[in-house]
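# Structural features, examined
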Amino acid sequence: MAEENRPTLDPHVLAKIERLEVRARLVVEGFLSGMHRSPFKGSSLEFAQHREYAPGDDVRFVDWKLLAKTDGVYVQEFEEETNLRCYLFVDQSESMGYAHDGGMSKFDYSATAASSLAYLLQQQSDAVGLALFDEGVVQQIPASNTRGALVQILHQLETAKPDRKTTIGKTLVELASQIRGRSIVCLFSDLFDDLEAFEQGLRALASRGHDVVVFHVLDRDEVEFPFERMTMFEGLESLPQLLADPRGLRDAYLKEVADFQEGVRRSCSRNRVDYIPLKNSDPLDVALSQFLAARLSRKKSARR
């Protein structure tokens, strides 16, 4: 991506913009302007295969390059791509409110990434829905491709306040039973909950044929643990405070985090779920580019 486009994707810059709709638009415009070509542009028909030309075939679909190479006349067959339906599941529990000094909170980062994805998909007339959750489902918006639905999604994400515990596994099972028709499900969460229950939730979604993408959002401090002096660590979601010397904890802590991420990755892999780890200091285009890469990879696998 061109260097001049990076500031519009920097979370520290975007955090100064209060309106989520403006953030989402800037992220999508910066993302698309940095690509040589958008995978969303062009025909809604996707190339499937060649076959020999037959009288009556539309000559617009003759592959002239192949004719020059083989002296055979072939037409390109296409399959029509249906508009997809995407649900954004966003964790608004208390732990998502954490932010390193000067940065976006994990929730604000997730809300911005989810809003950008909704903005991008709706430009292609794809239907997008939202579920905000903590101990249970807090707010739901059915999937729709209308402007009004997008405004609702942005409003709910902009006004949500992370302030309760998380129960991810049970919530995913509940939501899986409510989604009608095969859909893409994008989960934004720090996943601070029981991994076994989380995997049960993934299994409930995958068993119903949904394509699931897990955006595992952690704070820069949680991943890098940059603390040097005696620090009072404040517990979230009813956990107690802890005064500790971080230098004595660093190695053990970083191993725990790495093991935790690997456990999440394995849970996703066992259920054929795409896993995308993110830090809330990463440029916002990372979420969009990783999402598109996962979708293209899934399409190629399905055709083999």
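Conventions used here
- Residues numbered from 1 in each chain as written.
- Predicted model: local features only at pLDDT ≥ 70, side-chain atom pairs only at ≥ 80, totals over all residues.
- Heavy atoms only, no water.
- Helix = DSSP H or I, 4+ residues; strand = E, 2+ residues; numbered from the N terminus.
- Areas by Shrake-Rupley, 256 points an atom, 1.4 Å probe, with all protein chains shown as cover.
- Salt bridge = Lys/Arg side-chain N within 4 Å of Asp/Glu carboxyl O.
- Buried < 20%, exposed > 50% of the residue type's maximum accessible area, 1.4 Å probe, protein only.
- Phe/Tyr/Trp six-rings, centres within 6.5 Å; stacked < 30°, edge-to-face > 60°.
- Pairing = 2+ DSSP bridges.
- Axes fitted to C-alpha atoms, helices over the stretch in contact; angles between N-to-C directions.
- pLDDT = per-residue confidence, 0-100.
- Contact = heavy atoms within 4.5 Å.

### Examining the overall build of the protein chain
Counting its secondary structure elements, the protein chain contains ten helices and ten strands. Total accessible area on the protein chain stands at roughly 16100 Å², and carbon and sulfur atoms take up 49% of it.

### So, the pattern of salt bridges
All told, the structure shown has 13 salt bridges when counted by the stated rule. For E21, the salt bridge identified is with R147, shortest N-O distance 2.4 Å. Of this pair, E21 sits in helix α2 (residues 20–33) while R147 sits in helix α5 (residues 147–159), and the two are 126 residues apart along the sequence. For R147, a relative accessible area of 45% translates into the label partly exposed.

### Here we look at the packing of aromatic side chains
For the structure shown, the criterion picks out three aromatic pairs. When the centroid spacing of 5.8 Å and the interplanar angle of 45° are considered together, the rings of F192 and F260 count as tilted. With F192 in the loop between β6 (184–189) and α7 (195–207) and F260 in helix α9 (residues 246–270), this residue pair connects regions lying 68 residues apart in the sequence. On the accessibility criterion, F192 (35% relative accessible area) is partly exposed. According to the relative accessible area criterion, F260 is buried, its value standing at 17%.

### Things to note about unusual backbone geometry
The phi torsion at S125 lies on the positive side, around 65°, for a residue other than glycine. Summarising the element assignment, S125 is placed in the loop between α4 (106–122) and β4 (127–133). For L191, which is not a glycine, the phi torsion comes out positive at approximately 60°.

### Here's the deal with the sheet that holds β6
The strand order β5-β4-β3-β6-β7-β10 describes an open sheet built from six strands, whose pairing is mixed. Since the sheet does not close on itself, it has two edges, and those belong to β5 (137–144) and β10 (274–279), each with one partner. For this sheet, the mean inter-axis angle between neighbouring strands, taken without regard to orientation, is 15°. For β6 and strand β7 (residues 211–218), the ladder comprises six bridges, and the chain directions are parallel. Bridge pairing in β7 places V185 opposite V212.

### Points about the confidence of the model for the protein chain
Looking at the protein chain, pLDDT values average 82 and 73% of them are 70 or higher. Of the regions scoring below 50 in pLDDT, residues 1–5 engages in nine contacts with residues more than four places distant in sequence or in other chains. Across residues 36–45 the pLDDT falls below 50, and counting only partners more than four positions away or on other chains, this stretch makes twelve contacts in the model.

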